[in-house]
Amino acid sequence: MSHSTLQQLALQEKTRREILHKSDLIPPLPDLVARLLGILNKQETEPQDLERLLQNDQVLVAKMLAMVNSPFYGLNRTIRTIKEAVMVLGFRGVRSLVLATSTAKFLQRNFEVYGHQPKGLWLHAVSVAAAARALAKTCKLSADEAEMLFVAGLLHDIGKMLLVTYLNEAGKGASFQGAAVEYERATIGIDHTEAGALVTAKWNLAAEIQEAIKGHHDAAPTATTRGAAVVRLADAVAHEKGVGYLPGRSPVQPVLPQDLQALGLDDATWSVTRDALMVTIDEAVAALGNLSA
């Protein structure tokens with residue numbers, strides 16, 4: 001092994017350790033959001049508890065109500081209060097709204113090195129989140145599971161937030177072609193799936209969300225859970241759709257036979273389902289793409 005190769009490996013390991021151990025690289029969720037998620041996880045929580053906590057953050061409330069009243073949710077009446085949102089969507093649905101409105105800013109930075117257009121990572125995240133929720137419902141997963149997978153889809157690429165600066169420095173701002181995870185590992189010794197699991201662990205999100213994020217690029221999973229299968233398939237459809245990417249820059253995400261099997265989908269059913277998910281992505285981007293500012 002050459003001296004230059006050893007130096008490169010040493011640099012990769014140094015960078016990897018820095019990312020793994022410097023928790024200050026991971027921005028915390030806003031205190032109000034962390035408290036909201038805390039009470040949403042308690043069975044004894046009542047809608048008025050949320051309203052009481054949110055009364056001093058009308059900006060967050062306005063964003064959440066804008067999302068729930070968008071065509072994407074398809075409600076037949078206007079939702080005017082958080083209490084009404086809870087009654088219609090349930091606590092899990094409101095949690096999805098909270099996380100979507102509070103994490104959008106992390107997904108709107110300059111990710112051009114990954115081939116994303118301006119705000120492209122947010123648009124891709126919305127696409128995967130919407131497709132994951134719709135696919136979960138199609139496959140008869142519970143409403144709670146569908147909302148959890150919406151969150152997993154929304155945050156599946158959040159690890160790029162930690163790595164983008166290192167990649168820009170390593171490539172002098174130039175973008176790369178090919179698989180992101182391979183380039184990340186070769187360049188800095190860690191990929192965005194592992195980094196994303198670190199972020200969501202710090203944010204105290206469910207272990208199932210962390211695992212789905214960590215495995216969303218696993219080309220040969222040893223054990224395929226339905227949740228992980230949903231996120232991988234949603235990501236594959238979103239990549240095929242290409243939303244949020246510069247022309248010709250959306251990578252190919254393979255559809256794994258074991259994921260289709262885990263969800264009980266044969267090829268014919270998957271073809272119909274895929275077409276429906278494409279429509280869902282269009283609706284989600286039209287409704288939520290500009291609600292992130």
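This structure is a prediction, so every number in the text was calculated from the model and none was measured. (Residues numbered from 1 in each chain as written. Predicted model: local features only at pLDDT ≥ 70, side-chain atom pairs only at ≥ 80, totals over all residues. Heavy atoms only, no water.)

J.: Explain the packing of aromatic side chains to me, please; I cannot follow it from the model alone.
T.: We describe a pair of aromatic rings using the distance from one ring centre to the other and the angle between the two ring planes. Taken as a whole, this structure holds two aromatic pairs when the rule is applied. Each ring, one from Phe-72 and one from Tyr-73, has its centre 5.4 Å from the other, and the planes form 80°; the classification is edge-to-face. The burial state of Phe-72 is the same as that of Tyr-73; both residues are buried. Over the aromatic face of Phe-150 sits the side chain of Arg-133, whose NZ or CZ is 4.0 Å from the ring centroid. (Phe/Tyr/Trp six-rings, centres within 6.5 Å; stacked < 30°, edge-to-face > 60°. Buried < 20%, exposed > 50% of the residue type's maximum accessible area, 1.4 Å probe, protein only. Lys NZ or Arg CZ within 6 Å of the ring centre and 35° of its normal.)

J.: Explanation requested: the pattern of salt bridges in the structure shown.
T.: Any two side chains of opposite charge can pair, so long as their charged atoms come close to each other. Enumeration according to the criterion identifies 12 salt bridges in this entry. Close ionic contact of Asp-31 with Arg-35 constitutes a salt bridge, the shortest N to O distance being 3.5 Å. Residue Asp-31 and its partner Arg-35 are both found in helix α2 (residues 31-40); the two are separated by four residues, about one turn of the helix. Under the relative-accessibility criterion, Asp-31 is labelled exposed at 53%. (Salt bridge = Lys/Arg side-chain N within 4 Å of Asp/Glu carboxyl O. Helix = DSSP H or I, 4+ residues; strand = E, 2+ residues; numbered from the N terminus.)

J.: Please explain unusual backbone geometry as it appears in this structure.
T.: With phi around 60°, Lys-119 is a residue other than glycine that occupies positive phi space. Here Lys-119 is to be found in the loop between α5 (82-103) and α6 (120-138). Taking the relative accessible area as the measure of exposure, Lys-119 reaches 37% and is therefore partly exposed. The backbone phi angle of Asn-204 is positive, close to 60°, even though this residue is not glycine. Structurally, Asn-204 can be placed in the loop between α10 (192-202) and α11 (207-214).

J.: Help me understand the environment of Gly-215 in this model?
T.: Locating Gly-215 in the fold gives a position in the loop between α11 and α12 (226-241). In this structure Gly-215 comes out as buried when scored by relative accessible area, which is 12%. Taking the C-alpha atoms as reference, Gly-215 lies 8.0 Å from Arg-232; in sequence the two are 17 residues apart.

J.: For this particular structure, what's the right way to read α11?
T.: Because an α-helix packs 3.6 residues into every turn, residues spaced three or four apart end up facing the same way. Within α11, the full set of buried residues consists of Ile-209, Gln-210, Ala-212 and Ile-213. An end-on view of α11 places all buried positions within 165° of arc, on one side of the element. (Arc of directions from axis to C-beta.)

J.: Help me understand the nonpolar core, please; the structure alone is not making it clear to me.
T.: Among the nonpolar cores identified, the biggest contains 94 residues, and Tyr-114, Leu-135 and Trp-203 are the most heavily contacted of them. Sorting elements by how many residues they give to this core places α6 first, with 13 residues. If near-sequence neighbours (up to four positions away) are discounted, Tyr-114 is found in contact with Lys-160, Leu-163, Val-164, Leu-167, Phe-176, Ala-180, Glu-184, Tyr-245 and Arg-249. (Core = buried A, V, L, I, M, F, W, Y, C linked by side-chain atoms within 4.5 Å. Contact = heavy atoms within 4.5 Å.)

J.: It is not clear to me how the layout of surface pockets should be interpreted in this structure. Could you clarify?
T.: The probe, sized like a water molecule, is rolled over the atoms to show the empty space still left. Estimates place the volume of the largest pocket at around 470 Å³. Contributing to the lining of the largest pocket are 28 residues, with Ala-179, Ala-180, Val-181, His-217 and Gln-253 lying nearest its centre. Mapped by element, the contributors of at least two residues to the lining of the largest pocket are α9 (180-188), α10 and α12. For the lining of the largest pocket, the element with the most residues is α9, which contributes four residues. Taken together, the residues of the lining of the largest pocket break down into 11 nonpolar, eight polar and nine charged. Computed from the structure, the second largest pocket encloses a volume of approximately 390 Å³. In terms of lining residues, the second largest pocket is bounded by 20 residues, among which Glu-208, Glu-211, Ala-212, Thr-225 and Ala-228 are the most central. Listed by contribution, the elements that provide at least two residues to the lining of the second largest pocket are α7 (143-154), α11 and α12. (1 Å grid on protein atoms, 1.4 Å probe; cavity = no way out; pocket = protein on both sides within 12 Å on 5 of 7 lines; lining within 4 Å. Points joined across faces, edges and corners; volume = space filled by probe spheres on them. Nonpolar A, V, L, I, M, F, W, Y, C, P; charged D, E, K, R; others polar.)

J.: Is there a simple way to think about a nonpolar patch on the surface in this case?
T.: A contiguous nonpolar surface patch, about 260 Å² in accessible area, is contributed by Leu-75, Met-87 and Val-88. Positionally, Leu-75 belongs in the loop between α4 (58-68) and α5. (Patch = residues over 30% accessible without salt bridge, like charges linked within 9 Å, V, L, I, M, F, W, Y side chains within 5 Å. Areas by Shrake-Rupley, 256 points an atom, 1.4 Å probe, with all protein chains shown as cover.)

J.: Mind showing me how you'd approach the environment of Leu-265 here?
T.: Inspection of the secondary structure puts Leu-265 in the loop between α13 (257-262) and α14 (267-288). Exposure remark for Leu-265: the relative accessible area of 11% places this residue in the buried category. Once you skip the residues sitting within four places of it in the chain, Leu-265 turns out to touch Leu-135, Cys-139, Leu-260, Trp-270 and Thr-273.

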